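Observations on the model geometry
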Amino acid sequence: MDIYLPVANLSVNALVIVLLGGGVGLLSGMFGVGGGFLTTPLLIFYGIPPTIAAASATTQVTGASVSGAIAHYRRGGVDIPMGGVLVAGGIVGAVAGSALFRFLQKLGQIDTVINILYVVLLFGVGIPMAREAIRSIAASIAGTALPTKKRRHHPAVTALPFRWRFYASGLYISPLAPLLLGFATGILTVLLGVGGGFIMVPAMIYILGMATRVVVGTSLFQILFVTAATTMVHAVTTKAVDIVLAFFLLVGSVIGAQIGSRLAARFRPDYLRLLLAAIVLTVALRMAIGLTWRPDEIYTVQLL
């Protein structure tokens, strides 16, 4: 069944969009990631314009984050003060990102920038993830234990002034650090349509030094509000949110997440992490090829 996407101005197969959302939801349930960093590239591969794909993907991420954030909050796994600072930085970053988005649109370079950022980001995440998973699997096969890493924040965070106590995270640091982290994530959310959890979670652990028991919940809390704000910013400024596309993506992701969470219990975490790294690197390689491969039609004409 074909459906018309009013903002993207093209017809797509509804089943394909639902299955695409379901695939991302499946990964979300299996690996514990939002999946937004894969939604936008997959939509681009299917033929959705990058601007529409990035703006509409944030709506799906918002919907997918609600249940996870509520579940972690009920278990006491959300640091509300830390999340509030991250949200504040993220909303400011979203506004700044929308201005950058419109500027790149005027230059006619937004599609190219989105693709380049995704290639850099996915390779930057996928390679360390694969290396860590392989090291962990090798240690497990050899019967040796990996050295445990001490939880501590980055030296640059220590140098920042105006320290606050974040009791749930076990930290006494400057709020400027999470504020800047939220700001950077807000910009990426606008430009790429990602929730930022795959960047936020490692940054919260290795840069801020947060307690792992509140990292995922606080990340989802931040993602929920920042992606909602980003969707509003896109809807008001860039006019690039296609609600029909977002709806079918969300339907598929909700179903896929339920299936993925059940499959995750059957696999070892190390192998799941290696599989996710392989998927991320494959998508990055495909996007890199798309940037360098000469298309059959160099020029296209679009009626406005």
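The following paragraphs examine the structure supplied in this document. In this text, all values refer to a predicted model and were calculated from it rather than measured experimentally. (Residues numbered from 1 in each chain as written. Predicted model: local features only at pLDDT ≥ 70, side-chain atom pairs only at ≥ 80, totals over all residues. Heavy atoms only, no water.)

1. A short note on the overall build of the protein
Counting its secondary structure elements, the protein contains eleven helices and four strands. Looking at the 304 residues of the protein, the share that counts as buried comes to 46%. Pairs at least 24 apart in sequence give 77% of the contacts found in the protein among residues at least 6 apart. (Helix = DSSP H or I, 4+ residues; strand = E, 2+ residues; numbered from the N terminus. Buried < 20%, exposed > 50% of the residue type's maximum accessible area, 1.4 Å probe, protein only. Contact = heavy atoms within 4.5 Å.)

2. Observations regarding the nonpolar core
Counting residues in each nonpolar core, the largest one holds 43 residues, and the members touching the most others are Leu 5, Ile 17, Leu 43, Ile 48, Ile 114, Leu 122 and Leu 245. Contacts of Leu 245, omitting those with residues within four sequence positions, involve Leu 5, Ile 17, Leu 43, Ile 48, Ile 52 and Ser 56. With 17 residues, the next largest nonpolar core counts Met 82, Ala 177, Ala 203 and Met 204 among its residues. (Core = buried A, V, L, I, M, F, W, Y, C linked by side-chain atoms within 4.5 Å.)

3. Digging into helix α9 (residues 212–238)
Taking 1.5 Å per residue as the helical rise, α9 with its 27 residues ought to reach 39 Å, and the 37 Å between its terminal C-alpha atoms agrees with that figure. One or two positions beyond α9, positive phi appears at Lys 239, with a value near 55°. (Expected span 1.5 Å × (residues − 1).)

4. Thoughts on unusual backbone geometry
For Phe 162, which is not a glycine, the phi torsion comes out positive at approximately 60°. Turning to its location among the elements, Phe 162 is positioned in the loop between α6 (155–158) and β3 (164–166). Residue classification places Phe 162 among the exposed positions, given a relative accessible area of 64%.

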